[in-house]
Amino acid sequence: MKLETNSYMSIEVTEPNELLELMSDNEKVELIESLSCHESVIKHVADQLIHGCTENGRSGSMTYGESPQTATQLAVREIIENVNSLAYQEIQRLERLVKSEKETTQYLVDKFHSKSGGNY
C-alpha cells in the first residue's frame, strides 16, 4: 500500500494499521464510522462477537476476569442482556413481512379471479 500526498512527498505504508497511527483521533473515528457500515466489516465484527475471532483467526484484545473489559466483551454482554428484545423485534419484523406477502398474494388472486370471471 502506498499513499502519495503530492508530487514532492510520498509516504509508504506497508500495513493498513500504520495508516491509523498517522491519523488523529477524530480522523480515526470518522474512518471507523464509515467502515462500520460496510457489509464485509460487519461480517468480521459479527464473527468476533459470535465466534471470538474472524474467519482468519483475528480478534481484538480480550481480558479475563469477572466483568467484561474490552469493547468486544462489552458488546457481547450487551447482546446477551438484550437478546429477548432483539428476538422480539425480529419476530415482529418477520410477522409484518408475512402479513404483507399474504395481502399481496390475496390481492393478486382476487385480481386474477375478477379478470377471469371465475373461469380458471
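In case you missed it, the structure is sitting above this.
So, here's what we can say about the structure. Computed from a prediction, not measured in an experiment: that's the story for all the values here.

Conventions and cut-offs
Residues numbered from 1 in each chain as written. Predicted model: local features only at pLDDT ≥ 70, side-chain atom pairs only at ≥ 80, totals over all residues. Heavy atoms only, no water. Helix = DSSP H or I, 4+ residues; strand = E, 2+ residues; numbered from the N terminus. Buried < 20%, exposed > 50% of the residue type's maximum accessible area, 1.4 Å probe, protein only. Contact = heavy atoms within 4.5 Å. 1 Å grid on protein atoms, 1.4 Å probe; cavity = no way out; pocket = protein on both sides within 12 Å on 5 of 7 lines; lining within 4 Å. Points joined across faces, edges and corners; volume = space filled by probe spheres on them. Nonpolar A, V, L, I, M, F, W, Y, C, P; charged D, E, K, R; others polar.

### What about the side chain of Q48?
- Residue position: Q48 is located in helix α3 (residues 39-51).
- A relative accessible area of 19% places Q48 in the buried class.
- Among residues more than four places away in sequence, those in contact with Q48 are C53, T54, R58, S59, G60 and T72.

### Let's talk about the layout of surface pockets
- Looking at the largest pocket, its volume works out to about 820 Å³.
- Together, 17 residues line the largest pocket, and N17, L20, L35, V41 and H44 are the ones closest to its centre.
- Elements represented by at least two residues in the lining of the largest pocket include exactly α1 (16-21), α2 (25-35) and α3.
- If you tally residues by element for the lining of the largest pocket, the top one is α3, at 5 residues.
- Split into classes, the residues belonging to the lining of the largest pocket amount to 8 nonpolar, 7 polar and 2 charged.
- The computed volume of the second largest pocket comes to approximately 180 Å³.
- Those elements that provide at least two residues to the lining of the second largest pocket are α3 and α4 (71-116).
- Looking at the lining of the second largest pocket residue by residue, the classes come out as 4 nonpolar, 4 polar and no charged.

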